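Residues per chain, in single letters:
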Amino acid sequence: MPTRKKNLVIVESPAKAKTIEKYLGRSYHVIASKGHIRDLPKSQMGVDIEHDYQPKYISIRGKGETIKELKKEAKKAKFVYLASDPDREGEAIAWHVAHILDLNDGQKHRVTFHEVTKDAVKNAFKNPRMIDMDTVDAQQARRVLDRLVGYSLSPILWAKVKKGLSAGRVQSVALKLVLDREQEIKDFKPEEYWTIDAEFTKGRKKFQASFYGLDGKKTELPNNEAVQAVLKKIDKNKPFTVETVVKKERKRQAPAPFTTSTLQQEANKRLGYRTRRTMSIAQQLYEGISLGKEGTVGLITYMRTDSKRTSPVAQAEASKFLTETFGAEFASKSARHFKNQEDAQDAHEAIRPTSIYRTPESLKRSLTSEQFKLYKLIWSRFAASEMTPAVFDTVRADIVQNGVMYRTTGSKMKFAGFTKVYDAGSDKSVELPDLAEGDNVKLSKQDNKQHFTLPPARYTEASLVHALEENGVGRPSTYAPTIDTIQRRYYVKLEGRSIVPTELGEIVNNLVGKFFPDIVNVDFTAQLENDLDHVEEGKKNWVKVVDEYYKPFSKELEKADSEIEKVQIKDEPAGFNCDICGAPMVIKMGRYGKFYACSRFPDCRNTKAIVKEIGVVCPKCGKGQIVEKKSKRGRKFFGCSNYPDCDFVSWDKPVGRDCPNDGHFLVEKKTKKGLVVQCPNGDYKEEREESENSK
C-alpha cells in the first residue's frame, strides 16, 4: 500500500515547526526555512539601478542544505502551505520560498496566524490565501533602499574615515538623535531656583506643605533674596489659616496593552532588559513553550506590532476571568478601544497572552526566570487594560498667613481597579489630617533649599525607542537591530543605562549630516515610512518610491565623493613607552572602544587594554590595584590588576575598608535612595554621598 501524501507546511523557526505539527495532526508535515533563504549578495550592490532597481537575489550562503530539504519535501507533498510570520518580512520569506519551490502564483499557499495556539492555527488553515505582493513589494522597497544607501555611504566612510564603518537610513537618524541630545546637554545653562518646604501640625497630626505664592498668586523663587522676603512676612508666633479646601474624586484609567515599542520601553525600565534581549525572550514566548501535559503552546500573540487593538474574543475571555477572580466591579463594563498612533499598522493585535487563564504563577515552573518576568509583564498589562479605573479621593488645601500661601495635596485610594494587577508606580497615598476652611494650623518646621534646573537626560534604550516611534522613524521590527547596530559600530556606548555618543559617532554623524542631509532628516525618513505603508496598501508603486528617494541621494553622492576630505583620527599619546620595543605608546580607537597600541604599528603589534584604577588595593592578594573592567556584554565589574595571578572579581566597587563586624571587604552599591557602603554578607550598612567617580 503506497504511503499517503502529506501536506507540507513551511514556517520560519524550528521551535514553531514542532508546535504547529502537533496541532495539525498526521496529515501535515511542518519544517522550517530558518529565516530568509534568499537575499541580496554581500559582495556587491545587487540592485540594477538602470532597470527599475531590480534586486539580484541569490541563495544565502550556508542555506544550501535547508533549500535542498525544502525542495525534497515539497516534491513529495500533497500541497505546500507557507506559514512564515504575519508581517512584511514573513510575507517576503513566503514569496522567496515560493520562488525557489516554483509554486503556482495563482494558488492559495499563504497561511497566517497571530498566535501559536491550536484554535488560531487550525482556523488559519481553513482560510489560506495567495501571497500578498503589495506587502512583498513594501519589504523589497525597504531592502533595496537600505542597500542603496548603505552600500553607497559605507565605502565613502571607509575611504575618508576608517575601514569597517557603516551608515544606514534608520541608524543614521538614531545616531543623530543621540548626538542632538548630547549637544542640548552641552549647551544647557542651569538656572537657579529655590523652594520652601514646611511641616505643619493640626492637633497631634503633622503634614507637609510647600510654598505656593503671595497674595493668592503663584510666585517663583529665583534666588535667596526672594526666599528671605517671603520668610520676613511670616510671624512664627501666629497660626496659619486653612483658606481653601478642594476635595475631588479622581479616576486613573488603565494603560493600553503593549505594542512592540511600549513593551521594549517597560521591559527596559522595570526589568533592565536591553531591546534585543526583550525581543528574543518575546519570540520564545510567541513560538511556544512546553507546558507538560498541555504540550507546547504559544503564550503570547505576535510581538512585532504597533497596534493597541485586541480581539473581541480575548476581551470577552478577560471579562469572564476578571469577574471570576476579582469580582464584577473590577472587570470593565464594556470592551475598551485604545486609539492607535496615526501611522500605526493595524494588521496585528496588541501583544497579549493567548489565554488570560494562563496566569504567570501557573506557568512559573515551565518558564525560565527571564521568560517568567516578561510574560508576567505582558499578562499584567493586558489584564489591566480590560479592568476598571483606579479611584482616588484627593484633597488640596491652601494655608495662608499675611498673604504667604503654602499648598498641600493628599490622595487616598478609594478603589484599586486595575492596580490590583498592574503597578502604575506613580500614585502613592498621602494622607492629610481632616482639614476644613477656617481651621488654624501651626508651622512647626521650615526648610528652604537652593536648586538648579537640570539638563535633559541622555537617552536610554527605552527612551530612544520612544523617540524613534514618536518621530515615525522605523517600524516595530527595526527598533532593536537599529540600537544594536549603532552600539556594535561603536558610534555610541552604554554608560549604565545611558547611551553616550563616541568621538567616532560624532565624526560619522557630522560627515553624513553635512553631505547627506536627507539621510539624517527625521521628517524625511518618517515620510519614507509612510510611503512604504502606502506601497503595502497598494496605493503606491514600489519602484516609484525608491526612485523618488534615490535620485536626489545619487546627486549628493557624486558631490560628496569629490568634496569630502579625509578625516584624520589622531592618536593620543599614552604617556608611557612600549615594554617590547621602547617606542611611545598611543591611544587608538578600535571597534570596541579605545586601547593602547605601539606607535610603531605594524612593525610592533603590542597592544594593551585601557584600565582605570580606583585607588583601592586588592583585598585578596594585597598587592595589585583594583581596576574597573567591562564584561563582553558591556557590564562594569572590578578585578585585580595582577590577573591571572590573582583572580579577585566583584560586580560591586570595593571601597578599601573592611567590615567592622566580620572583616569582609566593604563595597559600594547604588540603590534607589542613593549610594550605600555595605558588607556583602549583609550585616553592615552605611549611607554615603554620591561622588563624581561613582556616577
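- The name an unreviewed UniProt entry assigns to the chain is DNA topoisomerase 1, from the organism Lactobacillus mulieris.

1. Describing the overall build of the chain
Consideration 1: Secondary structure summary: the chain contains 17 helices and 30 strands in total.
Consideration 2: By its C-alpha atoms, the chain is 100 × 80 × 60 Å across when sized along the principal axes.
Consideration 3: In the structure as shown, the chain presents an accessible area of about 37000 Å², 48% of it carried by carbon and sulfur atoms.
Consideration 4: Here the chain carries 120 positive and 97 negative side-chain charges, and the mean point of each set is 5 Å from the other.

2. Looking at the environment of Lys-445
Consideration 1: Secondary-structure assignment places Lys-445 in strand β16 (residues 440-452).
Consideration 2: Each C-alpha atom, one on Lys-445 and one on Ala-198, is 5.5 Å from the other, the two residues being 247 residues apart in sequence.
Consideration 3: Once residues within four sequence positions are removed from consideration, Lys-445 is found in contact with Asp-197, Ala-198 and Glu-199.

3. Details of the sheet that holds strand β7 (residues 80-82)
Consideration 1: Strand order in the open sheet formed by three strands is β2-β1-β7, and the pairing between neighbours is parallel. Bordering the open sheet on either side are β2 (28-32) and β7, each of which pairs with just one other strand. Each strand of the sheet is rotated relative to its neighbour by a mean of 25°, with strand direction disregarded.
Consideration 2: Of the strand pairs in this sheet, strand β1 (residues 7-11) and β7 are connected by three bridges, and their pairing is parallel. Bridging across to β7, Val-9 finds its partner in Tyr-81.

4. A closer look at the sheet that holds strand β26 (residues 649-650)
Consideration 1: Taken in spatial order, the four strands make up an open sheet running β23-β24-β25-β26, and their pairing is antiparallel. The strands lining the two open edges of the sheet, one partner per strand, are β23 (612-617) and β26.
Consideration 2: Here five bridges tie strand β24 (residues 625-630) to strand β25 (residues 636-640), and the two strands are oriented antiparallel to one another. When the sheet's bridge partners are listed, Lys-629 is paired in β25 with Phe-637.

5. A closer look at the side chain of Gln-140
Consideration 1: Residue position: Gln-140 is located in helix α5 (residues 133-160).
Consideration 2: Taking relative accessible area as the criterion, Gln-140 reaches 6% and is therefore assigned buried.
Consideration 3: Non-local contacts of Gln-140, meaning those with residues more than four positions away in its chain, are made with Pro-55, Tyr-57, Trp-95 and Trp-542.

6. Topic: the packing of aromatic side chains
Consideration 1: Tallying each qualifying case throughout the model produces 22 aromatic pairs.
Consideration 2: Pairing Phe-200 with Phe-240 gives two aromatic rings, centres 5.2 Å apart and planes at 75°, and the pair type is edge-to-face. Taken together, the residues Phe-200 in strand β8 (residues 192-202) and Phe-240 in strand β11 (residues 240-252) connect sequence positions 40 residues apart. The same class applies to Phe-200 as to Phe-240, namely buried.
Consideration 3: Ring plane angle 70° and centroid distance 5.8 Å describe the contact between Phe-637 and Trp-651, whose orientation is recorded as edge-to-face. Of the two residues, Phe-637 is situated in strand β25 and Trp-651 in the loop between β26 and β27 (653-658); the sequence distance between them amounts to 14 residues.
Consideration 4: Taken together, the ring pairs in this structure connect Phe-200, Phe-207, Phe-211, Phe-240 and Tyr-406 into an aromatic cluster.
Consideration 5: Above the ring of Trp-95, the side-chain terminus of Arg-38 is found at 6.0 Å from the ring centroid.
Consideration 6: When the ring centre of Tyr-459 is taken as reference, the NZ or CZ atom of Arg-181 above it lies at 4.2 Å.

Parameters and conventions
Residues numbered from 1 in each chain as written. Predicted model: local features only at pLDDT ≥ 70, side-chain atom pairs only at ≥ 80, totals over all residues. Heavy atoms only, no water. Helix = DSSP H or I, 4+ residues; strand = E, 2+ residues; numbered from the N terminus. Areas by Shrake-Rupley, 256 points an atom, 1.4 Å probe, with all protein chains shown as cover. Lys, Arg positive; Asp, Glu negative; His and termini not counted. Charge placed at Lys NZ, Arg CZ, Asp CG, Glu CD. Contact = heavy atoms within 4.5 Å. Pairing = 2+ DSSP bridges. Axes fitted to C-alpha atoms, helices over the stretch in contact; angles between N-to-C directions. Buried < 20%, exposed > 50% of the residue type's maximum accessible area, 1.4 Å probe, protein only. Phe/Tyr/Trp six-rings, centres within 6.5 Å; stacked < 30°, edge-to-face > 60°. Lys NZ or Arg CZ within 6 Å of the ring centre and 35° of its normal.

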